[in-house]
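Residue-level structure breakdown
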Amino acid sequence: MEDQTEQEQALVNGNSVATSANESKLPNGQTKEGPVAIKISNAYKHYTSGQKRTPVLLGLDMEVKKGQIYGLLGPSGCGKTTVLKCIVGKLTVETGSVRVFGEPPGTPASGVPGPRVGYMPQELAIFLEFNIEETLTYFRRIFGMTRKQYEDRLQFLMKFLDLPSKTRSLINMSGGQQRRASLAIALLHEPELLILDEPTVGVDPLLRSAIWNHLTEMTDCFGKHCTIVITTHYIEEARQANRVGMMRFGKLLAEDSPEELLRRFSKPNLEDVFLDLCLQDGDLETAKVREERTQRRSILKFSKKKSEAAKPDLENGQGCQMVVTNGKGPKPKEKVSATNSTASARSVSSTVSKYIDQKKSNLTSQRVTACMIKTFNRMKKRVGLLVYQFILPALQVSLFCLAIGQDPKELPVAVVNLENQGQPCAGHPTECPFDMTFIGPEINDNLQNLSCRYLSFMDASIARPVYYENYEDAHQAVKNGEAWGVISMGQNFSRNLYDRIFESVASEDLTKVNLDKFNASQIQVEMDITNQHIAFTLQLKFAEAFQQFMEQLVTSCGINKAVANIPLTFLDPIYGTPELTFTDFMAPGIILTIVHSMALGYSAMIIILERNEGLLDRTWIAGVTPGEFALAHFLVSLVVNFLQVVVTLTFMILVFQVPNEGSLCLVFLLTMLQGVAGTTIGLIISAVCKTQQDATQIALGIFYPNLILSGIIWPVESMPLALRYFAYTLPQTFACEAMRGILLRGWGMAFMPVWRGFVVTLAWIIGTYIIFKRLVTK
Ligand SMILES: Nc1ncnc2c1ncn2[C@@H]1O[C@H](COP(=O)(O)OP(=O)(O)OP(=O)(O)O)[C@@H](O)[C@H]1O
């Protein structure tokens, strides 16, 4: 009733030339009238690109009856694809209304998107790395077809669309074969509504004819529910439609059956009808229109020639795969008798009903599983991606453990030992250099080459001595970058050291210490400290060597070595061991950052890849909701994460023996959650970026600040206050602290830094997943 009112209204307001015809004819001449399948009333829409607004639909009215083939014709850019996208619920109009099966598309009541509709977009929208079977299996799972139904249908489509082996990769097929495979997806479940955007482009005339015959058969019966909307550039091809809509500049110039249009305009073909309509529409660009017409005619002539060449075959029931192979296929339309048509249609009708199990096709779990299996299959096909996903974490961990945190080795140090004439020490006494039997210590023969004794405690594997005879040469060597520093000792180093220790102590007036002698007993070190870590290492080694030298010296004289120590004692550490290295400090953060960034990088590409290939639209129009799509990718990422965490922890803890004092379960759980947080952040990037390049740049842009600010490399406590507070808001800062607590201190959930790390990570996961879901459902 509502339809009727709208229809009447459309007729009153309708386009100047649009007809009031609401009936159309079957190809065999029978009148076809039925309920309305699609109704678009007074639709307006524009695209916005930056400041630019492009109007696309300008008060479009269109009506498609159930069981009709509706040919939507018009020049490139007039808005045909936009209309189709509005019908399948991919786009919405700004004003006016679109109704599919009486309901707005996108609502559950319309069933569109969903298994009620089969959609073939203009672009290929196929998984090029898949073969035909894998591609169709994906859609079979979404639609809930049983294996048997699917096998029958696959067999039919392979023959009908003249597709090569079902196991050949689509990437290795010709353009025409790929288009036919794309059409097979739309035809797979014989939907109630078939939306085909230029399905016959690049298809040879013979097959084009067979496709039209098949479409005719799908709609060719009373009470049959298949409705087809098709766009084509081959205008004459649309004569086989029950009704055509001629579109220009966002509105329909006319809408009627081809026969009625030809009769009304007294033209021999639809091309000329279209030209007349354009002229009537007040379009002054006649030259351009004529040119378009000439071009299209030349295409048509070519295709006609080919069709005619093939005609005898068609008439004999050969040449068209469908006719040849199953013997039940339609003959060319003028040959189809009413009886045949009905019988044939009945068989199609019964096939249609058995393909879709409404209960099954409504199952979220089934669609999520379909998406997951498809993603795993895609991964399997991309060996590079697999390597990237699972070998890279292991490689990163190995490189980190091997390259970071160890002491630098074989650092050249210029040694100027004037006490030994600048030469390497051949040997030195190790006995007590003092005679302690008298009241005060006396010098004995062992008081020589104390400098050599000191140098003997130097760890040559770290500070490699290079001997110089004078200070100037040694200094120049450092200047030239040949050594990291100069360590020098004077001519009477041993005697001056003795005097420093005993004379100053024995002196009655400590204010009168001989500073010359005092300075001459100093071991002087001058360094290149441009590399702070190397400089710190050498300073530490020089100081350790001196401590050991002094301990050995006093011990050789029978004095307790404690006398040689400064009165500051470092007892055993409460947490950690003296052996802990910088690697151990960084490892907790590195584990998290590897897993987090790998997950982020992987998921950041997911939607972009599918969207750019046109697959995302197809998946959604097949009935997978954005929420299901998000869930499927989330679950796949979880599996990938799991494996990455196993690889990372195995290498870090088992192979490279990074210490773990706490619960491995907690370590695993926190790492896993960090991976999930990376996944959800990546999914957001994937949803907002148009290209892989954009996504890569954002992912990299996130990676470095995160690494620098999260306290993974350097303590957060060293940052300026404002930056430190910012760092605390990042997903890895508290998690890194928690991980350090577990691994190095053996803390459990009872410790605030540990549970805080978990809570913040969970908050990031929930927050980013909500944002992602909103973005994809927009
Ligand atoms: N996302 C978009 N943003 C901006 N403009 C767009 C967008 N999509 C399409 N357009 C513009 O809208 C107009 C209609 O596009 P549409 O794809 O609907 O035309 P069409 O009739 O299907 O063309 P063709 O036959 O070449 O496929 C064109 O001018 C096109 O450039």
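Conventions we followed
Positions within a chain are numbered from 1, following the residues in the order the chain's sequence is written. pLDDT decides what is reported in this predicted model: residues at 70 or higher carry local features, side-chain atom pairs at 80 or more are listed and counted, and totals for whole chains, interfaces and linings draw on all residues regardless. Excluded from the side-chain calculation are hydrogens and water; included are all heavy atoms of the structure. UniProt positions are given in the numbering used here, feature names are shortened, and annotations may be inferred rather than shown by experiment. Each helix corresponds to a stretch of at least 4 residues labelled H or I by DSSP, and each strand to a stretch of at least 2 residues labelled E; elements are numbered beginning at the N terminus. Buried residues are those whose accessible area, probed at 1.4 Å on protein chains only, stays under 20% of the maximum for their type, while exposed residues exceed 50% and partly exposed ones sit between those limits. Contacts are assigned to residue pairs with any non-hydrogen atoms lying within 4.5 Å of each other. To be near a molecule or strand, a residue needs just one of its heavy atoms within 4 Å of it. For the purposes of these results, a polar contact is taken to be a pair of N or O atoms within 3.5 Å, where, inside protein, one atom must be able to donate a hydrogen and its partner to accept one; residues adjacent in sequence count only when each atom of the pair is a side-chain atom. Using a 1.4 Å probe, accessible areas were evaluated by the Shrake-Rupley method; residue-level cover was limited to the displayed protein chains. Each residue gets one label: Ala, Val, Leu, Ile, Met, Phe, Trp, Tyr, Cys and Pro are nonpolar, Asp, Glu, Lys and Arg are charged, and the others, such as Gly, are polar. Two strands form a pair only when DSSP identifies at least two bridges running between them. Whenever a helix is involved, its axis is fitted only over the stretch in contact; in every case the axis is a line through C-alpha atoms, and angles between N-to-C directions fall within 0 to 180 degrees. Note on terminology: a nonpolar core comprises buried Ala, Val, Leu, Ile, Met, Phe, Trp, Tyr and Cys residues joined through side-chain atoms within 4.5 Å. Domain boundaries shown here were taken from an automatic or database domain assignment. Roughly parallel means an angle under 35 degrees; roughly antiparallel, over 145; roughly perpendicular, 65 to 115; everything else is oblique. Here, a salt bridge means any side-chain nitrogen of Lys or Arg that lies within 4 Å of a carboxyl oxygen of Asp or Glu. Geometry of aromatic contacts follows a simple scheme: Phe, Tyr and Trp rings, the Trp one being its six-membered ring, pair when their centres are within 6.5 Å, and the pair is stacked under 30 degrees between planes, edge-to-face over 60, tilted otherwise. Defined by distance alone, a disulfide is two cysteine sulfur atoms within 2.5 Å.

Under an unreviewed UniProt entry, the protein chain has the name ATP-binding cassette transporter sub-family H 103004 and belongs to Tigriopus japonicus. The heading Subcellular location (unreviewed entry) in the UniProt record of the protein chain holds the text "Membrane".

Another aspect to go through is the side chain of Lys541. Within the element layout of this structure, Lys541 appears in helix 19 (residues 532-556). On the basis of relative accessibility, which here comes to 15%, the residue Lys541 falls in the buried class. When sequence neighbours within four positions are dropped, the list of residues in contact with Lys541 reads Asp407, Met458 and Ile462.

In the neighbourhood of the ligand, 13 residues make up the surrounding shell, with Ser76, Gly77, Thr81, Thr82 and Gln122 lying closest. Contact between the ligand and Gly79: an oxygen atom at 3.0 Å from a main-chain N or O atom of the residue. Burial of the ligand by the protein chains amounts to 63% of its free accessible area of 630 Å². If one sorts the elements of the shell around the ligand by residue count, helix 2 (residues 80-87) sits on top with three residues. Residues belonging to the shell around the ligand are distributed by class as follows: four nonpolar, seven polar and two charged.

Now for the sheet that holds strand 10 (residues 243-248). One open sheet holds the six strands; their spatial order is 7-8-9-5-10-11, and the pairing between them is mixed. Strand pairing shows two members of the sheet lacking a second neighbour, strand 7 (117-120) and strand 11 (251-256), which therefore form its edges. The sheet shows a mean angle of 15° between the axes of neighbouring strands, taken without regard to direction. Of the pairings in the sheet, the one linking strand 10 to strand 11 comprises five bridges and is antiparallel in character.

In this structure, Leu215 and Met652 are the most contacted members of the largest nonpolar core, which totals 117 residues. Both domains that furnish three or more residues to this core are identified here as domain 1 (2-13 + 34-257 + 313-362) and domain 2 (379-401 + 581-777). Not counting the four nearest positions on each side in its chain, Leu215 is found in contact with Ile69, Leu187, Leu194, Leu196, Ile228 and Ile230. Judged by nonpolar contacts, the second largest core, of 31 residues, contains Ala37, Leu60, Val93 and Val229.

Our focus in this paragraph is the side chain of Glu236. Looking at where Glu236 falls in the secondary structure, it is placed in the loop between strand 9 (227-231) and strand 10. Among the polar contacts listed, one links the side chain of Glu236 to the backbone nitrogen of Glu271, at a separation of 3.4 Å.

As a packed pair, helix 5 (residues 175-187) and helix 6 (residues 205-219) sit with axes 13 Å apart at the nearest point and diverge in direction by 5°. Considered as vectors, helix 5 and helix 6 are oriented roughly parallel to each other. Facing helix 5, whose interface residues are Arg180, Leu183 and Leu187, helix 6 presents Leu207, Ile211, His214, Leu215 and Met218. Among the residues forming the contact of helix 5 with helix 6, the class breakdown is six nonpolar, one polar and one charged.

Within this structure, the stated rule accounts for 25 salt bridges. Arg116 is the partner of Glu192 in a salt bridge, and the nearest nitrogen-oxygen pair spans 2.9 Å. One end of the pair, Glu192, is in the loop between helix 5 and strand 8 (193-197); the other, Arg116, is in the loop between strand 6 (95-100) and strand 7, with 76 residues separating them in the sequence. Between Asp256 and Arg264 there is a salt bridge; the shortest N-O distance is 3.6 Å. We classify Asp256 as buried; its relative accessible area is 2%.

Take unusual backbone geometry next. Of all residues except glycine, most have a negative phi; of all peptide bonds, most are trans. That bond from Val112 to Pro113 is cis: its omega, 0°, falls within 30 degrees of zero. Structurally, Pro113 is set in the loop between strand 6 and strand 7. Its identity is not glycine, yet Phe249 carries a phi of approximately 50°, on the positive side. Looking at the element boundaries, Phe249 is found in the loop between strand 10 and strand 11.

Attention now moves to the packing of aromatic side chains. Two descriptors summarise a pair of aromatic rings, namely the distance from one centre to the other and the angle between the planes of the rings. Summed over the entire model, instances satisfying the criterion amount to 18 aromatic pairs. When the centroid spacing of 5.7 Å and the interplanar angle of 50° are considered together, the rings of Phe546 and Phe549 count as tilted. Remark: Phe549 and Phe546 occur in helix 19; sequence separation between them is three residues, near one turn of the helix. Seen in terms of ring centroids, Tyr769 and Phe772 are 6.4 Å apart; in terms of plane orientation they differ by 55°. Their pairing is tilted. On the criterion of helical spacing, the pair formed by Tyr769 and Phe772 is a turn pair, its members being three residues apart in helix 27 (residues 752-777). The same class applies to Tyr769 as to Phe772, namely buried. Following the ring pairs from residue to residue traces out a cluster consisting of Phe127, Phe130, Tyr138, Phe139 and Phe143.

To continue, consider the state of the cysteines. What is meant by a disulfide is a covalent connection between two cysteines, made through their sulfur atoms. Using the criterion set out here, one finds two disulfides in the structure. Through a disulfide, Cys425 is tied to Cys452; the S-S separation comes to 2.0 Å. Residues Cys425 and Cys452 share a disulfide whose torsion about the S-S bond is about -80°; that sign makes it left-handed. You can see Cys425 sitting in the loop between strand 12 (411-417) and strand 13 (434-435) and its partner Cys452 sitting in helix 15 (residues 450-455), a full 27 residues away along the chain. On the basis of relative accessibility, which here comes to 26%, the residue Cys425 falls in the partly exposed class. Residue Cys432 pairs covalently with Cys557 via a disulfide, S to S 1.8 Å. Its S-S torsion of approximately 95° makes the covalent link between Cys432 and Cys557 right-handed. Of this pair, Cys432 sits in the loop between strand 12 and strand 13 while Cys557 sits in the loop between helix 19 and helix 20 (582-612), placing them 125 residues apart in sequence. Judged by relative accessible area, which is 10%, Cys432 ranks as buried. The connectivity of the disulfide bonds within the protein chain can be written as 1-3, 2-4, using the sequence rank of each bonded cysteine.

Within the secondary structure, Ser556 sits in helix 19. Of the residues examined, Ser556 reaches a relative accessible area of 25% and is grouped as partly exposed. Residue contacts for Ser556: discarding those within four places in its chain leaves Thr430, Glu431, Cys432, Pro433 and Arg453.

Our next topic: the sheet that holds strand 16 (residues 485-489). Spatially, four strands are ordered 15-12-16-17 in an open sheet, and the strand pairing comes out mixed. Each having just a single partner strand, strand 15 (463-467) and strand 17 (524-527) make up the two edges of the open sheet. Taking each pair of neighbouring strands and ignoring which way they run, the sheet shows an average axis angle of 25°. Here four bridges tie strand 16 to strand 17, and the two strands are oriented antiparallel to one another. Residue pairing for strand 17: Ser488 is matched across the bridge by Gln524.

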